[in-house]
Amino acid sequence: MKKRILSGVLAATMVASLAACGSSKPAETTAAATTAAATEAATEAAAETTAAAEEKTTEAAAADGEYTVNEAAAADPAVTLTMAEVNPLEGTICGQMDTKFKEAVEAISGGSITIDLQASGVLGAEQDVLDSMLGGGGDIDMSRISAFALTSYGASKSVLLSLPYVFESREHFWNFVHSDLGAEILNESEEAGVGIKGLFYGEEGFRHFFTVESKPVSTVADLKNMKIRVSNDPIMQKMVSSLGANPASVSMTELYSALQTNTVDGAGQPIANYASNRFDEVGPNLTLDGHTLGAIEVVISDESWNNKLTDNQRDVITEASKIASDYCQKIAAETEDKVLEELKGRGCNVIEIADKSEWEAACAPITEEYATGELKDVLDQIKALA
């Protein structure tokens, strides 16, 4: 193939040279020959590119490394799984992780599994998505959710992942992920018969408060009486109250305008999500208090896992889950560092909190309320993994 491409290019070059040296052929004939030769070369090049692409598809070669096709899964009936994501794919850690998962699943399955990844909340908020998955409608098979989202459905231990100041660092969280305890909590929803199976963990960075231009926050006292948007999760709401602010319920799709009109004074988000939603335009003060780590999971409904996939395809999902989780661990910190520098360049007022003791003390009653009995022992195990 390469030889044919080279021949075509040489032919085009020779024709052009003959014309330049005063060939006896009419100019229009020479031009036509040149065009034909160039077209042939371009056609050959396009064919080479297509063949290479098809070969890569067959071998499941990704841009950053090759996957090995599960030949048994590749021979299974084709299936499409719809996956929900509330964040944009571009510029977010979640989006990159989801994209890697999709890439790995489709490559390893040899195309027998397609992940229809629907991002930016087009399928609804996390709670809406979970309700749909558990309702048995089958419209949504999978979702990326906050790790604590299944608490209200019976996965009681996952509540510990949303308590303020549980994880000291990213390394602490990933130690937990790779521990037996991490696997135990990931599997809790399935074992409790919730109707959802946890596939893998990820993280989107620590959550920080951001506020409107006139109200920067450097201490807990600065939050007093502010209206801070948080999710409907009771722990998040109690945390805001413990810090002296007033929790406000505003949907993510309305948050930008709520900040713009001073309906709320601030909110909390991981850095990459804050930047990708351009919240710095209306809430330019970013306080790096790190109140909770954005621990996340990708889950699949029991119905989809048991009834839509073959054993071979389930093996593919399991393998791709590890790849995506490892990828998240690899890119999370570097993505966040890059985004933070971009935010500073955009004029964002980044406020470092060197000593978080007053923040931790203010939130301690929440931990005491939720981590009781058996959960207190589990929390102690999590903290011991630091």
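Residues numbered from 1 in each chain as written. Predicted model: local features only at pLDDT ≥ 70, side-chain atom pairs only at ≥ 80, totals over all residues. Heavy atoms only, no water.

Caption draft 1: Representation of the overall build of the protein within the structure. Helix and strand counts for the protein come out as 15 helices and eleven strands. Split by element, the accessible area of the protein, about 17,500 Å² in all, is 51% carbon and sulfur. (Helix = DSSP H or I, 4+ residues; strand = E, 2+ residues; numbered from the N terminus. Areas by Shrake-Rupley, 256 points an atom, 1.4 Å probe, with all protein chains shown as cover.)

Caption draft 2: Up close: the layout of surface pockets. What the largest pocket holds in volume is close to 1,100 Å³. In terms of lining residues, the largest pocket is bounded by 40 residues, among which Ala125, Glu126, Arg229, Ser231 and Asn232 are the most central. Elements supplying a minimum of two residues to the lining of the largest pocket: helix H5 (126–135), strand S5 (142–146), strand S6 (196–211), strand S7 (227–230), helix H9 (234–242), helix H10 (252–260) and strand S9 (266–270). The dominant element in the lining of the largest pocket, judged by the number of residues it contributes, is H9, at four residues. Each residue belonging to the lining of the largest pocket can be placed in one class, and the counts come to 16 nonpolar, 18 polar and six charged. (1 Å grid on protein atoms, 1.4 Å probe; cavity = no way out; pocket = protein on both sides within 12 Å on 5 of 7 lines; lining within 4 Å. Points joined across faces, edges and corners; volume = space filled by probe spheres on them. Nonpolar A, V, L, I, M, F, W, Y, C, P; charged D, E, K, R; others polar.)

Caption draft 3: Structural detail: H5. Those residues of H5 lying buried are Glu126, Val129, Leu130 and Met133. Across the axial projection of H5, the buried residues extend over an arc of 100°, all falling on one side. Positive phi appears at Gly136, one or two residues downstream of H5, with a value of about 85°. (Buried < 20%, exposed > 50% of the residue type's maximum accessible area, 1.4 Å probe, protein only. Arc of directions from axis to C-beta.)

Caption draft 4: Seen up close, empty space enclosed by the protein. A full pass over the atoms with the stated rule returns three cavities of 30 Å³ or more. Here the largest cavity is characterised by a volume of approximately 60 Å³. Along the walls of the largest cavity sit Ser146, Ala147, Phe148, Leu161, Ser162, Arg207, Met236, Thr292, Leu293, Gly294 and Ala295, which together make up its complete lining. In terms of residue count, strand S10 (residues 285–301) provides more of the lining of the largest cavity than any other element does, four residues in total. Residue classes in the lining of the largest cavity are distributed as six nonpolar, four polar and one charged.

Caption draft 5: How the structure looks around the packing of helix H6 (residues 170–177) against helix H13 (residues 311–345). Following both chains from N to C, one finds H6 and H13 inclined at 175°, their axes separated by 12 Å at the closest point. Relative to H13, H6 is oriented roughly antiparallel. Each of Arg170, Trp174 and Val177 in H6 lies in contact with H13, whose residues at this interface are Ser325, Cys328, Gln329, Ala332, Ala333 and Glu336. Taken together, the residues of the contact of H6 with H13 break down into five nonpolar, two polar and two charged. (Axes fitted to C-alpha atoms, helices over the stretch in contact; angles between N-to-C directions. Parallel < 35°, antiparallel > 145°, perpendicular 65-115°, else oblique. Contact = heavy atoms within 4.5 Å.)

Caption draft 6: Region of interest: the environment of Val177. Inspection of the secondary structure puts Val177 in helix H6. Overall, Val177 belongs to the buried group, its relative accessible area being 12%. Taking the C-alpha atoms as reference points, Val177 and Ile382, separated by 205 residues in sequence, lie 9.9 Å from one another. Not counting residues within four places of it along the chain, the set of residues in contact with Val177 comprises Gly182, Tyr201 and Ser325.

Caption draft 7: Main features of the pairing of strand S8 (residues 246–249). Where S7 meets S8, four bridges bridge the pair, whose relative direction is parallel. Counted as the bridge partner of Arg229 is Ala248 from S8. The parallel pair S7 and S8, bridged by H9, forms a crossover whose chirality is right-handed. (Pairing = 2+ DSSP bridges. Right-handed = clockwise from strand over helix to strand, strands pointing away.)

Everything listed here is a matter of geometry and, on its own, says nothing about what the molecule does.
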